[in-house]
Amino acid sequence: MNQEKAQLQKLLDRAAKLRPVAKRYALPAFIVFVLLVYGVVLLRINSLNNQEPTTDQVTSQVKAARIPHIDQSVVQQLQSLQDNSVSVQALFNQARNNPFQ
């Protein structure tokens, strides 16, 4: 136990001698550390920016974005209603002129 205390005291003495040196280089070491972190982040951003999607990812997105199809019979029915009624024609014209009303 006494020997362990002696070794601990020696380590503390060495640390006390290195303290002024460590204090002197603390700011430059911190600046270098921050620059390294920024460099790693920029490299990671660059590698993610240049990454291309795989063909499987592209096909899955294309399948997910299906284009809706309108039944032709519904289109013909709406056109016949528009041709037969004046109020429906006015409604369609109003919707064309201002669709957000």
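Residues numbered from 1 in each chain as written. Predicted model: local features only at pLDDT ≥ 70, side-chain atom pairs only at ≥ 80, totals over all residues. Heavy atoms only, no water.

Turning our attention to the overall build of the protein. Across its full length, the protein carries five helices and zero strands. Counting from the amino terminus, the protein carries its helices and strands in the arrangement α-α-α-α-α. Against the globule reference of 13 Å for 101 residues, the protein gives a C-alpha radius of gyration of 37 Å, more extended than a compact globule. Of all 101 residues assigned to the protein, the portion counted as buried reaches 1%. (Helix = DSSP H or I, 4+ residues; strand = E, 2+ residues; numbered from the N terminus. Rg over C-alpha atoms; globule rule 2.2 N^0.38 Å. Buried < 20%, exposed > 50% of the residue type's maximum accessible area, 1.4 Å probe, protein only.)

At a minimum axis separation of 5 Å, helix H4 (residues 72-84) and helix H5 (residues 86-97) run at an interaxial angle of 110°. With respect to H5, the axis of H4 lies roughly perpendicular. Contacts from Leu78, Leu81, Gln82, Asp83 and Asn84 of H4 reach H5 at Val86, Val88, Gln89, Phe92 and Arg96. (Axes fitted to C-alpha atoms, helices over the stretch in contact; angles between N-to-C directions. Parallel < 35°, antiparallel > 145°, perpendicular 65-115°, else oblique. Contact = heavy atoms within 4.5 Å.)

This part covers a nonpolar patch on the surface. On the surface, Leu27, Phe30, Ile31, Phe33, Leu35, Val37, Tyr38, Val41, Leu42 and Ile45 cluster together into a nonpolar patch covering about 1100 Å² of accessible area. Here Leu42 shows up in helix H2 (residues 26-49). (Patch = residues over 30% accessible without salt bridge, like charges linked within 9 Å, V, L, I, M, F, W, Y side chains within 5 Å. Areas by Shrake-Rupley, 256 points an atom, 1.4 Å probe, with all protein chains shown as cover. Salt bridge = Lys/Arg side-chain N within 4 Å of Asp/Glu carboxyl O.)

Our focus in this paragraph is the confidence of the model for the protein. Across the protein, the average pLDDT comes to 84, with 98% of residues at 70 or higher. Least confident of the elements in the protein is H5, whose mean pLDDT is 77; most confident is H2, at 95. (pLDDT = per-residue confidence, 0-100.)

What follows is about helix H1 (residues 2-24). Structural remark: α-helix, 3.6 residues per turn; residues separated by three or four positions point the same way. Relative to the 33 Å expected for 23 residues at 1.5 Å per residue, H1 spans 34 Å between its end C-alpha atoms, a close match to the ideal helical length. Maximal helix bending in H1 amounts to about 40°, located at Leu18; proline Pro20 follows within four positions. With respect to burial, H1 is a largely exposed element, only zero of its 23 residues being buried. (Expected span 1.5 Å × (residues − 1). Bend = angle between axes of the 7 residues up to and from the residue.)

On to the environment of Gln57, then. Of note, Gln57 is situated in helix H3 (residues 55-64). Owing to a relative accessible area of 45%, Gln57 belongs among the partly exposed residues under this scheme. For Gln57 and Leu91, which are 34 residues apart along the polypeptide, the C-alpha to C-alpha distance reads 43 Å.

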